[in-house]
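Here are the chains, one letter per residue:
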Amino acid sequence: MLPFSVKSFAKINLGLLITSRRADGYHTLETVFAPIDWYDTITFSESDALSMCCTDPLLPVDGNNLCMRAAKALRESAGISAGISITLDKRIPFGAGLGGGSSDAATVLRTLNELWNAGVSSTDLHSLASGLGADVPYFLEMKGLAFARGIGDELEDLSLTLPFHIVTVFPEEHISTVWAYRHFYARFERSVPDLKVLAGRLCTAGDRSGLGAFENDFEPAVFDHYPLVKKVKQALLDQGSFFASLSGSGSAVFGFFDSLGEAEGAAAIMRGMNYRVCITAPGFSMAQ
């Protein structure tokens, strides 16, 4: 029954290795997506027309918004003319590398397919998701860790969760993905480690020896142009994080902690610097 509200969770990237540049200009990559407990809330209400409003006045609510694009794509695919009113309570910062817009689009696709009884198949939903953004299929189909390759839309469910406390910090810098791909320092000739195997060892056996392989290829350029982001990563390490990294193209940075006390202490310091912060518990998945 309407109104109906759904959480849209963010993600971090455990490693992000850009492996080549295709002839069409897109880059191929390998990464491990992991969900975190930072979310937007989307409320669907009765309406004859398709409309949207958002708690963040900086975000468009017209046809340029991914939620509206997702709803229109679903209607066209299903051959229907149903309406809905979408209210987005925006909490995941944009320009952060956390996939908030992609998650919202996936939530709209999945939820409206049910609310409208549209009957769009999972295969067609995947195609719609891929057309909206490379990581939209992850939020549509996965709940925990997933290995991604290609342009990020070739997914393999790892059936794993991270066994650590995760502190994610947004340094209040907005970095566009387009900018990041234009400025990153390419290393296409290097040997690419097997992130999928290393993630399995990390999550099931607690083997941290491979953590150094989980590099983010956007980090060097982002740190050079946005030194504040580099300082946030170092601050997490100084507060006891045993691994910290940029997420996606940034500017969000996350750190892994063994204890809740350490995580809460680091989060308190980051909040004291007026940064938005999220703590994710061990074993978190989007199924919760």
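What counts, and at which threshold
- Residues numbered from 1 in each chain as written.
- Predicted model: local features only at pLDDT ≥ 70, side-chain atom pairs only at ≥ 80, totals over all residues.
- Heavy atoms only, no water.
- Helix = DSSP H or I, 4+ residues; strand = E, 2+ residues; numbered from the N terminus.
- Contact = heavy atoms within 4.5 Å.
- 1 Å grid on protein atoms, 1.4 Å probe; cavity = no way out; pocket = protein on both sides within 12 Å on 5 of 7 lines; lining within 4 Å.
- Points joined across faces, edges and corners; volume = space filled by probe spheres on them.
- Nonpolar A, V, L, I, M, F, W, Y, C, P; charged D, E, K, R; others polar.
- Buried < 20%, exposed > 50% of the residue type's maximum accessible area, 1.4 Å probe, protein only.
- Salt bridge = Lys/Arg side-chain N within 4 Å of Asp/Glu carboxyl O.
- Pairing = 2+ DSSP bridges.
- Axes fitted to C-alpha atoms, helices over the stretch in contact; angles between N-to-C directions.

**Some points on the environment of Val 229**
You can see Val 229 is positioned in helix 8 (residues 227–238). A sequence separation of 17 residues divides Val 229 from Leu 246, and the C-alpha atoms of the two residues are 8.2 Å apart. Other than its neighbours up to four places away in sequence, Val 229 contacts Pro 171, Glu 173, Val 222, Phe 223, Leu 246, Ser 251 and Val 253.

**Topic: the layout of surface pockets**
Within this model, the largest pocket holds a volume of roughly 1300 Å³. Taken together, 48 residues make up the lining of the largest pocket; nearest its centre are Ser 102, Ala 134, Asp 135, Thr 177 and Ser 249. Those elements that provide at least two residues to the lining of the largest pocket are strand 1 (4–21), strand 2 (27–45), helix 1 (66–78), helix 2 (100–115), helix 3 (122–132) and helix 5 (177–183). Classifying every residue of the lining of the largest pocket by side-chain character gives 21 nonpolar, 20 polar and 7 charged.

**Brief notes about unusual backbone geometry**
Look at the link from Gly 250 to Ser 251: it is a cis peptide, with omega at 15 degrees. Among the structural elements, Ser 251 can be located in the loop between strand 8 (243–246) and strand 9 (253–257). For Ser 159, which is not a glycine, the phi torsion comes out positive at approximately 50 degrees. Position of Ser 159 among the secondary structure elements: in the loop between strand 6 (154–157) and strand 7 (165–170). The exposure class of Ser 159 is exposed, given its relative accessible area of 64%. Positive phi outside glycine occurs at Glu 172, with the angle close to 65 degrees. With respect to the helices, strands and loops of the structure, Glu 172 is situated in the loop between strand 7 and helix 5.

**Looking at the pattern of salt bridges**
All chains considered together, the criterion is met by 12 salt bridges. Arg 187 is paired through a salt bridge with Asp 217; the nearest N and O atoms lie 3.0 Å apart. Of the two residues, Arg 187 is situated in the loop between helix 5 and helix 6 (195–205) and Asp 217 in the loop between helix 6 and helix 7 (219–225); the sequence distance between them amounts to 30 residues. For Asp 217, a relative accessible area of 5% corresponds to the buried category. Between Arg 190 and Asp 217 there is a salt bridge, and its shortest N-O distance comes to 2.3 Å. Taken together, the residues span a long stretch of sequence, with Arg 190 in the loop between helix 5 and helix 6 and Asp 217 in the loop between helix 6 and helix 7 at a distance of 27 residues. One network of salt bridges, in which partners are shared, links Arg 187, Arg 190, Glu 215 and Asp 217.

**A few points about the sheet that holds strand 9**
Spatial ordering of the open sheet is given by 8-9-7-10, a layout of 4 strands whose pairing is antiparallel. Strand pairing shows two members of the sheet lacking a second neighbour, strand 8 and strand 10 (276–280), which therefore form its edges. Adjacent strand axes in the sheet meet at a mean angle of 15 degrees, parallel and antiparallel pairs treated alike. Relative to strand 10, strand 7 runs antiparallel, the two being bridged by 5 bridges. By the bridge assignment, Val 169 is partnered in strand 10 with Val 277. With respect to the sheet, helix 8 is in contact with strand 7, strand 8 and strand 9, its orientation differing from that of strand 9 by roughly 5 degrees. Packing against the sheet, helix 9 (residues 260–272) makes contact with strand 7, strand 9 and strand 10, and its axis sits at approximately 170 degrees to strand 10.

This is a description of form; function is not addressed.
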